[in-house]
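Here is what each chain is made of, one letter per residue.
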Amino acid sequence: MIDFEFDKHCYGCSLCKYKCPKNAIEMAYNAEGFLIPVIDKEKCIECGLCEKICPHLNELKNNTINDEDEILAAYRKDMRNYTKYTSSGIFSELAKKFVSSGDFVAGCVWDENMKAKHIVTNDIKNIEKIAGSKYVQSDIQEIYTSVDKILKENKKVLICGTPCQIAAIKKAFNSENLYTIAIVCHGTPSPKVWEIYKQKLEEKEKSKMIDANFRYKGKYGWITPYTKYDFKNKSSVSKLSFTEDAYVIAFGEDLLHRNSCYNCKYKGTNSNADIIIGDYWGCSSKLLKKSHNKGISAVIVHTEKGKEMLELISNEFVFIKDYKENILKENNPILNPVKYNPKREVFYEEFKRNNDIEKFNLSTNTLKYKIKKVLYKLYFFELIKRIIYKFKH
Ligand SMILES: Cc1cc2nc3c(=O)[nH]c(=O)nc-3n(C[C@H](O)[C@H](O)[C@H](O)COP(=O)(O)OP(=O)(O)OC[C@H]3O[C@@H](n4cnc5c(N)ncnc54)[C@H](O)[C@@H]3O)c2cc1C
């Protein structure tokens, strides 16, 4: 029977629940609001399958990128609809190809209650809902059965998720028809913290939230993200993501993540995803200009299948090989787990008591943050980048 400190080490992938032959495992929320397994000892037959497949209990190689893995910068040729995607929308473009060939895709959406969950679909309209990073842990338990059915029907399925989710999917299914994309992930916040933050926004707006975009590019472009919350009464609230929005600030300060994120084993290419996609932070101002500040991705191509996948979208994207070292240098979460913030325990203790992120003394209350906020608003960082670019060329 699977038994370790679930609160500390479990990734919440629900694979043990899916694989249990006796339905002895259910997933339930722990005190911090993360899904963990609950085992019915009466039903358990000690077959040991859950231990064999658990992503936490598997030994893995060091977090590496192999010499054969290609690392590319990518941006779109056609910038229309660019606000839908977080960086350049590689998943969405691939998803369109799969769906238009009669195959399936799976990814994270907001459900009708703004809970992040994975769905499986072959409806082109759902691709837009999957696009965009939802900064909260997504529940993937429902997709295993659908993916199994699709693969048995000999159809292809493209799945995108966090590296730990992709690792679980790869343990669940071994099929030529399975195509996988892992996002670069520095950690996933608690669904409970998000739910309560969302409720507070709804109370203020006196309306139900219908969409949340944590990386809205419509105001200052990709490099200076805004959060944009949309409500049923057609009102909309936007804030500078990392300097004004308490939820995103706490996320950025690494206070909210699942405990397993701080020791994540699925860094580098350990998830075995065909490709890995993230933001190309720290890109040159030349690239920023070429992409019109509308989103640049960092792409790691890990398998032959990954190469085939990029080939499918080669007309829609510009892929550049020259930035491997810079991408790895600038994007720490590709190879390393996020650093544990010692204030995390206090944060969750306080949050359990008063259910309010804003009451927590975030470092945004410091003068440094306040100055940064003003500079962002004055478009200062953008201006400096442009001046440097002009100076160099
Ligand atoms: C919680 C989280 C933390 C991240 N941290 C980093 C980081 O530190 N550095 C970095 O470079 N990139 C990070 N990313 C990835 C980045 O935000 C973009 O998703 C990535 O660059 C791909 O962008 P895109 O425009 O190609 O695709 P997008 O249109 O943004 O969507 C890509 C896919 O992300 C998946 N997705 C969205 N939210 C979730 C979720 N909650 N759980 C699982 N899958 C999800 C969807 O299924 C979709 O298929 C993070 C994403 C998330 C969700």
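What counts and how
Residues numbered from 1 in each chain as written. Predicted model: local features only at pLDDT ≥ 70, side-chain atom pairs only at ≥ 80, totals over all residues. Heavy atoms only, no water. Buried < 20%, exposed > 50% of the residue type's maximum accessible area, 1.4 Å probe, protein only. Helix = DSSP H or I, 4+ residues; strand = E, 2+ residues; numbered from the N terminus. Contact = heavy atoms within 4.5 Å. Domains from an automatic or database assignment. Buried area = accessible area lost by both parts, 1.4 Å probe. Salt bridge = Lys/Arg side-chain N within 4 Å of Asp/Glu carboxyl O. Polar contact = N/O pair within 3.5 Å; in protein donor to acceptor, adjacent residues only side chain to side chain. Nonpolar A, V, L, I, M, F, W, Y, C, P; charged D, E, K, R; others polar. Axes fitted to C-alpha atoms, helices over the stretch in contact; angles between N-to-C directions. Parallel < 35°, antiparallel > 145°, perpendicular 65-115°, else oblique. Left-handed = near helix turned anticlockwise from the far one by under 90°. Pairing = 2+ DSSP bridges. Phe/Tyr/Trp six-rings, centres within 6.5 Å; stacked < 30°, edge-to-face > 60°. Near = heavy atom within 4 Å. Areas by Shrake-Rupley, 256 points an atom, 1.4 Å probe, with all protein chains shown as cover.

**Comments concerning helix H7 (residues 163-172)**
The element H7 is largely enclosed, with a buried count of 8 among its 10 residues. Along H7, the residues that are buried comprise Pro-163, Cys-164, Gln-165, Ile-166, Ala-167, Ala-168, Ile-169 and Ala-172. Residues of H7 that are buried make contact with helix H2 (15-19), strand E5 (116-121), helix H6 (143-152), strand E6 (157-161) and strand E7 (178-183).

**Brief notes about the domain arrangement of the protein chain**
Domain parsing of the protein chain yields domain 1 (6-53) and domain 2 (61-393). Using C-alpha coordinates to define each centre, domain 1 is positioned 27 Å away from domain 2. Summing both sides of the interface, domain 1 and domain 2 together bury roughly 2,000 Å²; the carbon and sulfur share of this comes to 55%. Area buried by domain 1 at its contact with domain 2 is led by Tyr-11, Glu-32 and Phe-34, which between them contribute 37% of it. Along the contact surface separating domain 1 from domain 2 lie 1 salt bridge. The salt bridge partner of Glu-32 is Arg-344, with a shortest N-O separation of 2.7 Å. Our enumeration of links across domain 1 and domain 2 arrives at 13 residue pairs in polar contact (both at pLDDT 80 or more). Of all the secondary-structure elements, those providing two or more residues to the side of domain 1 that touches domain 2 are helix H1 (6-9), H2, strand E1 (25-29) and strand E2 (35-39). Here the residues of the side of domain 1 that touches domain 2 are counted per class, giving 12 nonpolar, 4 polar and 5 charged.

**Observations concerning the packing of helix H8 (residues 191-205) against helix H14 (residues 344-354)**
One can describe the packing of H8 onto H14 by two numbers: an axis separation of 12 Å at closest approach and a directional angle of 50°. One way to sum up the angle between H8 and H14 is to call them oblique. Crossing handedness for the pair H8 and H14: left-handed. Residues Lys-192, Val-193 and Ile-196 of H8 touch H14, and the partners they reach there are Phe-347, Tyr-348 and Phe-351. Looking at the contact of H8 with H14 residue by residue, the classes come out as 5 nonpolar, no polar and 1 charged.

**A word on the sheet that holds strand E10 (residues 236-240)**
Read across the open sheet, the 3 strands follow the order E8-E9-E10; overall the sheet is antiparallel. Sheet topology places strand E8 (209-216) and E10 at the edges, where each strand pairs with a single neighbour. Averaged over neighbouring strand pairs, the angle between their axes works out to 10° when direction is ignored.

**A word on the packing of aromatic side chains**
Under the criterion given, the structure shown has 25 aromatic pairs. Geometrically, the ring pair formed by Tyr-197 and Tyr-247 is stacked, given 5.5 Å between the ring centres and 20° between the ring planes. Linking Tyr-197 in helix H8 with Tyr-247 in helix H10 (residues 246-252), this pair joins segments that are 50 residues apart in sequence. Each member of the pair Tyr-197 and Tyr-247 is classed as buried. Plain terms: the ring middles of Trp-222 and Trp-281 are 4.8 Å apart, the flat faces sit at 10° to each other, and that makes the pair stacked. Of the two residues, Trp-222 sits in the loop between E8 and strand E9 (226-231) while Trp-281 sits in the loop between strand E11 (275-279) and helix H11 (285-290), which places them 59 residues apart along the sequence. Pairwise contacts between aromatic rings join Trp-110, Tyr-135, Trp-194, Tyr-197, Phe-214, Tyr-229, Tyr-247 and Phe-251 into one cluster.

**Section: the site of the ligand**
The local shell around the ligand holds 34 residues, among which Thr-86, Ser-87, Ser-133, Lys-134 and Asp-279 are the closest. Within the contact set of the ligand, a nitrogen atom lies 2.8 Å away from a backbone nitrogen or oxygen of Val-136. Within the backbone of Gly-278, a nitrogen or oxygen atom sits 3.3 Å from an oxygen atom of the ligand. For the ligand, whose unbound accessible area comes to 890 Å², protein coverage reaches 98%. Every element with two or more residues in the shell around the ligand is listed here: helix H4 (90-100), strand E4 (104-110), E6 and E11.

**Thoughts on the sheet that holds E4**
In space, the 8 strands of this open sheet follow the order E5-E4-E6-E7-E11-E12-E3-E13, with mixed pairing throughout. Across the chains shown, the open sheet's two edge strands, defined by having one partner strand only, are E5 and strand E13 (317-320). Each adjacent strand pair in this sheet contributes to an overall mean axis angle of 25°, direction not counted. The sheet contacts of H7 involve E5, E6 and E7, and relative to E7 the element is tilted by about 160°. The strands touched by helix H12 (residues 304-312) within the sheet are strand E3 (70-76), E6, E7, E11, strand E12 (297-301) and E13, with E7 carrying the most contacts at an inclination of about 85°.

**Remarks on unusual backbone geometry**
Backbone geometry places Ser-14, a non-glycine residue, at a positive phi of 70°. The topology assignment puts Ser-14 in the loop between H1 and H2. The phi dihedral of Asn-355 is positive, around 50°, even though this residue is not glycine. Tracing the chain through its elements places Asn-355 in the loop between H14 and helix H15 (367-377). Look at Asn-355 and you get partly exposed, because its relative accessible area is 29%.

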